[in-house]
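Architecture at a glance
If you want the building blocks of each chain, they are given just below.
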Amino acid sequence: MSIHSLPQILVEFVQSVSSDQITFLLLVNLVMLILGLVLDPVPAILLTAPLFIPTAMTFGVDPVHLGVIMTCNVAVGLFTPPVGATLYVASRIANVGVLTIARAMAPLYLAALTALLLVTYFPAISMTLVHLFR
């Protein structure tokens with residue numbers, strides 16, 4: 001991915017179509033969800049955070065808030081089929097198929113995406129402790 005500059009291409013796309021903070025955050029969510037599906041969390045964040053931070057700051061997004069958003073996105077990717085690594089761990093532990101676990105987790109996907117949207121568009125949720133300690 002890094003040899004073909006995929007993270008840079010995705011970030012340039014986000015920057016080119018973002019006109020306001022809401023659109024920017026929505027596109028960050030989409031890019032990070034896609035990367036979270038195919039990459040482990042740490043490489044996904046390490047590849048994209050340095051590219052997203054300057055644009056986020058121009059839209060008035062706190063870097064800590066952006067980090068929380070990115071972390072939540074890749075966490076959702078960890079249990080999203082077809083690549084979700086934790087699905088395979090749970091499958092092995094429960095001795096059932098990955099598809100069975102994915103179906104059983106369907107309501108949890110909805111809850112995770114709802115939590116992701118709340119964290120993204122209501123920064124106070126993730127920034128309250130930060131503001132108390134600053």
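Let me begin by describing the structure that accompanies this report. Here the structure is a predicted model, which is why all the values come from computation and not from measurement.

One pass over the structure, following the stated rule, counts three aromatic pairs. Each ring, one from Phe24 and one from Phe52, has its centre 6.1 Å from the other, and the planes form 80°; the classification is edge-to-face. Of this pair, Phe24 sits in helix H2 (residues 21-38) while Phe52 sits in helix H3 (residues 41-58), placing them 28 residues apart in sequence. Across the pair, exposure class does not vary: Phe24 and Phe52 are buried alike.

Moving on, we come to the packing of helix H4 (residues 63-78) against helix H7 (residues 106-121). Direction vectors running N to C along H4 and H7 enclose 170°, while the axes themselves pass 10 Å from each other. Our classification of the angle between H4 and H7 gives roughly antiparallel. Mapping the contact onto sequence places His65, Val68, Ile69, Cys72, Asn73 and Val76 in H4 and Ala112, Leu113, Leu116, Val119 and Thr120 in H7.

What follows is about unusual backbone geometry. Excluding glycine, a negative phi dihedral is what most residues carry, and trans is how most peptide bonds are arranged. The peptide bond linking Pro81 to Pro82 adopts the cis configuration, its omega dihedral lying at 5°. Along the polypeptide, Pro82 turns up in the loop between H4 and helix H5 (85-94). We note that Asn95 has phi near 55°; this positive angle belongs to a residue other than glycine. With respect to the helices and strands, Asn95 occurs in the loop between H5 and helix H6 (98-104). Relative accessible area serves as the criterion here: at 69%, Asn95 is assigned to the exposed category.

Turning next to the nonpolar core. Counting residues in hydrophobic clusters, the biggest one holds 19 residues, and the most contacted among them are Phe24, Val28, Met32, Phe52 and Leu66. Elements with a minimum of two residues in this core: helix H1 (6-17), H2, H3 and H4. Per-element tally for this core: the top contributor is H2, with seven residues. Setting aside chain neighbours within four positions, we find Val28 in contact with Phe52, Leu66 and Ile69. Counting residues in each nonpolar core, the second largest holds eight residues, with Phe79, Ala102, Met105 and Tyr109 among its members.

About the criteria used
Residues numbered from 1 in each chain as written. Predicted model: local features only at pLDDT ≥ 70, side-chain atom pairs only at ≥ 80, totals over all residues. Heavy atoms only, no water. Phe/Tyr/Trp six-rings, centres within 6.5 Å; stacked < 30°, edge-to-face > 60°. Helix = DSSP H or I, 4+ residues; strand = E, 2+ residues; numbered from the N terminus. Buried < 20%, exposed > 50% of the residue type's maximum accessible area, 1.4 Å probe, protein only. Axes fitted to C-alpha atoms, helices over the stretch in contact; angles between N-to-C directions. Parallel < 35°, antiparallel > 145°, perpendicular 65-115°, else oblique. Contact = heavy atoms within 4.5 Å. Core = buried A, V, L, I, M, F, W, Y, C linked by side-chain atoms within 4.5 Å.

Don't take any of this as a statement about function, it's just geometry.
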